[in-house]
2 protein chains.
Amino acid sequence: MGCFIYCLLGTSKDVTLGPTAIMSLLVSSYAFHEPALAVLLTFLSGCIQLVMGLLQLGFILDFISHPVIKGFTSAAAVTIGFNQVKTLLGLHNIPQQFVLQVYYTFCRINETRAGDAILGVSCLTVLMVLQQMKKGIPRTHLLEVLPVRISRHIIWITATARNALVVLFAGLVAYAFQMTGSQPFSLTGTIPQGLPPLQPPPFSIIVSNHTLYFGEMVQAIGPGLAVVPLMGLLETVAIAKAFASQNNYQIDPNQELLAMGFTNLLGSFVSSYPVTGSFGRTAVNAQTGVCTPAGGLITGALVLLSLAYLTSLFYYIPKAALAAVIICAVAPMFDARIFRTLWQVKRLDLVPLCVTFFLCFWEVQYGIIAGVMVSGILLLYPVARPRIKVVMDEAIVIKPENGLQFPAIEFLRNIVHKQALSEPQQRSVILDCSHISSIDYTVVLGLSELLQEFQHQELRFIFTGLQAHVLEVLLAADLEGFRNFSTLNDAEKGLGELHIAIGGMLGDNSSVLTTTGIIQ
Amino acid sequence: MGCFIYCLLGTSKDVTLGPTAIMSLLVSSYAFHEPALAVLLTFLSGCIQLVMGLLQLGFILDFISHPVIKGFTSAAAVTIGFNQVKTLLGLHNIPQQFVLQVYYTFCRINETRAGDAILGVSCLTVLMVLQQMKKGIPRTHLLEVLPVRISRHIIWITATARNALVVLFAGLVAYAFQMTGSQPFSLTGTIPQGLPPLQPPPFSIIVSNHTLYFGEMVQAIGPGLAVVPLMGLLETVAIAKAFASQNNYQIDPNQELLAMGFTNLLGSFVSSYPVTGSFGRTAVNAQTGVCTPAGGLITGALVLLSLAYLTSLFYYIPKAALAAVIICAVAPMFDARIFRTLWQVKRLDLVPLCVTFFLCFWEVQYGIIAGVMVSGILLLYPVARPRIKVVMDEAIVIKPENGLQFPAIEFLRNIVHKQALSEPQQRSVILDCSHISSIDYTVVLGLSELLQEFQHQELRFIFTGLQAHVLEVLLAADLEGFRNFSTLNDAEKGLGELHIAIGGMLGDNSSVLTTTGIIQ
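Conventions used here
Residues numbered from 1 in each chain as written. Chains lettered and ligands numbered in written order. Predicted model: local features only at pLDDT ≥ 70, side-chain atom pairs only at ≥ 80, totals over all residues. Heavy atoms only, no water. Helix = DSSP H or I, 4+ residues; strand = E, 2+ residues; numbered from the N terminus. Expected span 1.5 Å × (residues − 1). Buried < 20%, exposed > 50% of the residue type's maximum accessible area, 1.4 Å probe, protein only. Arc of directions from axis to C-beta. Contact = heavy atoms within 4.5 Å. Least-squares fit on C-alpha atoms with pLDDT ≥ 70 in both. Patch = residues over 30% accessible without salt bridge, like charges linked within 9 Å, V, L, I, M, F, W, Y side chains within 5 Å. Areas by Shrake-Rupley, 256 points an atom, 1.4 Å probe, with all protein chains shown as cover. Salt bridge = Lys/Arg side-chain N within 4 Å of Asp/Glu carboxyl O. pLDDT = per-residue confidence, 0-100. Pairing = 2+ DSSP bridges. Axes fitted to C-alpha atoms, helices over the stretch in contact; angles between N-to-C directions. Parallel < 35°, antiparallel > 145°, perpendicular 65-115°, else oblique. Left-handed = near helix turned anticlockwise from the far one by under 90°. Nonpolar A, V, L, I, M, F, W, Y, C, P; charged D, E, K, R; others polar. UniProt positions renumbered as here; feature names shortened; annotations may be inferred.

Participant: Would you take a moment to explain helix H8 (residues 162-180) of chain A for this structure?
Facilitator: Along an α-helix, residues three or four apart share an orientation, since each turn contains 3.6 residues. Residue and element names in this part refer to chain A. With 19 residues, H8 extends 27 Å from end C-alpha to end C-alpha; this agrees with the ideal 27 Å at 1.5 Å per step. When H8 is considered as a whole, its buried residues turn out to be Arg-162, Asn-163, Val-166, Val-167, Ala-170, Gly-171 and Ala-174. With its buried residues spanning 165° around the axis, H8 presents them on a single face. Set apart from the buried face of H8 by more than 90 degrees, the exposed residues are Ala-164, Leu-168, Phe-169, Leu-172, Met-179 and Thr-180. Each element contacted by the buried residues of H8 is listed here: helix H6 (114-136), helix H7 (146-160), helix H12 (279-287) and helix H14 (319-330).

Participant: Can you help me understand the relation of the copies chain B and chain A in this one?
Facilitator: It takes a turn of 180° to lay chain B on chain A, together with a shift of 0.0 Å along the axis; the resulting RMSD is 0.1 Å. On this basis, the relationship between the two copies can be described by a two-fold rotation axis. A symmetric contact is evident, with 100% of the interface residues of chain B recurring at the interface of chain A.

Participant: It is not clear to me how a nonpolar patch on the surface should be interpreted in this structure. Could you clarify?
Facilitator: Residues Met-1, Leu-198, Phe-262, Leu-266 and Phe-269 of chain A make up a contiguous nonpolar surface patch of roughly 460 Å² in combined accessible area. Position of Leu-266 of chain A among the secondary structure elements: in helix H11 (residues 253-267).

Participant: What should I look at first to understand the confidence of the model for chain A in this one?
Facilitator: For any part of a model where pLDDT is low, the fine detail of the predicted coordinates should not be relied upon. Residues and elements named next belong to chain A. Per-residue confidence for chain A gives a mean pLDDT of 85, with 94% of residues at or over 70. In the model, residues 502-520 has pLDDT below 50 throughout and makes 29 contacts with residues more than four positions away in sequence or in other chains. The ipTM value of the predicted complex is 0.77, and its pTM value is 0.74.

Participant: Which parts of the structure should I look at to understand the pairing of strand E5 (residues 388-392) of chain B?
Facilitator: As a general feature of sheets, a regular strand has side chains that alternate between the two faces. Residues and elements named next belong to chain B. Two elements, E5 and strand E6 (residues 396-400), share 5 bridges in a ladder whose sense is antiparallel. Residue Val-390 lies in a different strand from E6, and its bridge partner there is Ile-398. Hairpin connection between E5 and E6: a loop of 3 residues separates the two successive antiparallel strands.

Participant: Hey, could you run me through the packing of helix H6 (residues 114-136) of chain B against helix H7 (residues 146-160) of chain B in this one?
Facilitator: Any two packed helices are characterised by the angle at which their axes cross and by the distance between the axes. Residues and elements named next belong to chain B. H7 packs onto H6 with a crossing angle of 130° between their chain directions and a minimal axis gap of 9 Å. Relative to H7, the element H6 is oriented oblique. In the crossing of H6 with H7, the sense of the turn from one axis to the other is left-handed. Across the interface between the two elements, Leu-130, Met-133 and Lys-134 of H6 pack against Ile-155, Trp-156, Thr-158, Ala-159 and Thr-160 of H7. Classifying every residue of the contact of H6 with H7 by side-chain character gives 5 nonpolar, 2 polar and 1 charged.

Participant: How do you make sense of the UniProt feature "transmembrane region" (unreviewed entry) in chain A when you look at a structure like this?
Facilitator: Residues and elements named next belong to chain A. Under the UniProt annotation, "transmembrane region" (unreviewed entry) lies at residues 36-60, 114-133, 154-177, 220-244, 256-275, 295-315, 322-343 and 355-381. The distance from the first to the last C-alpha atom of residues 114-133 is 28 Å, and the span holds 100% helix and 0% strand. Counting secondary structure, residues 295-315 comes out at 95% helix and 0% strand; the distance between its end C-alpha atoms is 25 Å.

Okay, here's the thing in C-alpha cells:
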C-alpha cells in the first residue's frame, strides 16, 4: 500500500514506506499485541495525519534542523550497517541492542561461518568496485569506435543493476551448491506465501467473551494516538530530508503528511500496522538508482507478485549477499565530515548533532526527539533572554531590541528591579517599545505588576513608541497608572512635568499616580 | 524533609513539598512497585535537579505562560474541590477519574450520610463566613473604646485561625458523640505511627534470589530519570507561580530547582519517594495565612510530632470537616474571569488556556505539557514564518525582517523560488541580511543550495548588509559563488556590472559565476 500511494502523493523519489523496527516497538507497546488494536491504530493514525496535512501543520517539521538529520542518519547508517555484519559473517544469537551487538559480534568472531563470510565479503567487494566504476565512467563521445562504446554501455548497465545482479548471482551459486548436496551458506529459506484479505478495520472486538467497543478500544490505545502518528511522521520526514539534501531536491512536509495519512488509512483495510519511511530500504532504493517516485510502482508490483507466486524462488538467496547490499547502501549515509564542517562553520550546532548521534545508538526515537528539543532550546534561548538596551539618563530608558514575549518577561522584570527599584538608586523608567511588534497576556500581566510596584514606591513607569496593535492590547487590559507617549522626547518631557506635579503633591500623602492617564 | 529544606532554599512562602497523586502514579509506573527502585529514583531525581539548578537551567520554566498556569490551577481547583464533595457527603465507592466521579457522585447522592453532610456543610458555612469576615475587618483606631478593640481582636484571631478551630471543634463534637455511644460521622481513624529509619538509598537490591546492581537498577528506571525530575519541577513551579502571582511576589526557578534537588537527595535517606509541590496543601497553607517560608518549620515539626506521638488524637477528626477546609482553600484558585479577560485583551491566549484547562480534567500532566507545547508553537510560529519583505526592482530584493533561523529556511527558499527562479520572470536576487543577527548551519546549507540553483540557471544571488559574525560564518562555510556587498546600492551597482560582464561572456558557454568572489 505504501509503495502505490506514496508514488502518487509523496514528494521524495527515494522514500519507501513500510513496517520498521521503531514503529513495531511502538505499536506493540500501545496495541498490547492485539492485532485488531494495531489495525485500528493504523486507521486512526492515518486519519490524524490526514487532518494534520489538511490543516497545513507540516510546518512543525521545519523544526528538524540539519544537524539533527545528520546525527540521525549517521547513527542509523552505523547501527543498520553493523546489524548486517553478523549476517555477513553467519554469526548466530547476537542480541539486537547496539552496544551488546558490537560486544558479542567481536566475542564470537571465531564462530564465523567460512561460506557466509567468503560470499559476503566477495559480494561487498564487487558492489564497492561497481559503485566506484559507475562514478568513474566518462561520457560517451561520438568519436569513439563502436566496441568501446558498447563495452562502456555494458559496464554502465552492470554498475547500475549491481544490487540485482549480485543477489541473482549469489542465489545461483547457492542453488548450484544445493544441487551438489552441500550448502555452505545461510539461506533466506521459506517465506510465508499469500496476500492479506481486503476488509474494513475492526471497530469492535471480542476479548475473552467480552465485547470491546470503539470507545473502549480508543481508550486502550490512549497516548499511542498522539505518539504513533507523530513518530511515524518524524521518521519519514527525517529520512526524506536526508535523501533530499543528498540528491538536491526539496520535499513538502504537508504533502508527506497526506501521503502517510492515506497510506495508513487504506493500509488498515489490508490489516497493515502503521507504516513509516524505512531508512534501510530507502537507502537501497536510492543506491539502486531510482529516478522518480514511480519506482514505488515497480517495488509494489514485485512485492505483490512475490508474495503471491515467487516466494519459492527466494529460498536460495544467501543472507550474506543481502547483508552486503544493505551495508553498501547505508554506508554512504555515514558522514564523518559533518563534525569537522560544523567545527569550522558553526560550533554551537555540534551540540544537537552530538546529542542526536549518540542517543540514536540507544534508541533512534529518543535521539531524534532529544536533538529536536536541544535545537529548540537553542532557538528559544534568545526569545527568553532577548537583548535589552539600558540607557542611564535622568530616567532609565529600557529598550527590548528584539521583541518581548512571555518567556522574557521575568528577565525584563529582574533588569528593571536591579536598575531602578532596588536601593539606593531608585529611579523612574521609560520603557521604549518601538521594537515590540506583538504582546501576549503574560507580558501584559508582568507589566501591570511592574506598574503597581512603581506606584507603590512612588516612582514613574512610562511607555513610549508603542505600535498601534500593541497599544490596543494594553488599553484593553485597562492597566492602573498606564501612561504612554509617542516618542522618547515626549516621554522625557512628560516625566519632567509629572515630577514637578508629584513633588508639589506628595505632602498630603495622596498619590496623583493612581489615576489612569493615557497621553498621546 | 520537604518542609525543612524548602524553608531554607525555596523562594515561595506558600509552597509545601510532599507526595502528590501525579507523582505517585509516575513513580509507580517507573519503579514497578519496588520500594528500593522508588527510593533510588528519588536520589537520582534529586541529583539531576541539583545539577540542573547549578547549570542555571531554570530558564526553561519561563516557558510556562500565565494562561497555562491559570488553566492548570482552575482545573486543579475544580477537580480537587469536587474530589472532596464525596467525603463531605459521606459517599463511598466513588471512582477517582474526574468524569466518572462527577457522574457517580450525582448518581449516589441519595446515599448521603446525614451526619457527615450536616457537619460538612456547617463547617463549610462557618469557614466561608469567617473568610469573608477577615476581609471585612476595618483597621483598629486608637479612638475606639477598649471593648470594641478587644472584640475586634477576637474576631480577627478566630477568622485567621479558622481552619484549625473548625477542625478542632469538629473533633470535639465527634468525640462527644463517641462518648454517648453513637457516631454519625466518618472519622479519620487509625493512622500508622512511627518515623522512617535514617539510611542511605539502596544502590543494589535482591529480587527473587538475584542481585540487581546499580547499573541494572538505573536501566530498569529508564526514561523515568528524565520524566520524574522534569514533571516534579513543572508541577512545583506551576503551583509556585500561581500563588506568587496571586500574592504579588516573584519566584526564582533556579533556586526552586536547588530546593527540590536537595529535598529529594536528602529525602532518599529517609526512604521518601520523589516529592513535588502539592496544590491542595499549598492552598491550605496560603489560606491559613502563612507569611514566610519559615511556616514550613512549623508544618514539619507538627508532622514529625504527630507521626511520633499524636496519631491517636487524630482518630476523632471527622473527614467531612477536613473536606470543608480543603474545598474552602482551593475554591479561590478557580478563576472564571480569566476567560473573559483574555477574550478582551488577547484572544490568541485563550488557546493555551482552554487546552490546558480541559486536558487537566483528563490528566494534569498531559494538560500542562499540552499547554506548554501550544504556547511554544504560538511562540515559534513567527520564527518559522518570519516577515520577509520582497521588493521588485531590476533585481528582486528579499529582506528577512526579524532574523533568519533554521525553521524559516525552507520558507525563504520557497519565496525565492516563486519570485525569482520559476518561469517566466527568472531574475537575479539580492538578499538583504541587515536584520539577520545570527545564522546557523541549516540556514548556511539552504543558502548554499540556493546559490547552486542560481548558478545553474545562470542568474545571480548576491548578499548585502551582512553583520560581521554572520559574514564570518558564511566565509568559513566557503560557499561556491558567494558574493557580498556592504550596502544595497553597491549590490545593485555590482549586479549591473556583473550583468554586462556575463552578457559579454555568455556566448562561449563558460560561466564567470563559478569563481568564488568576495567583494566588500
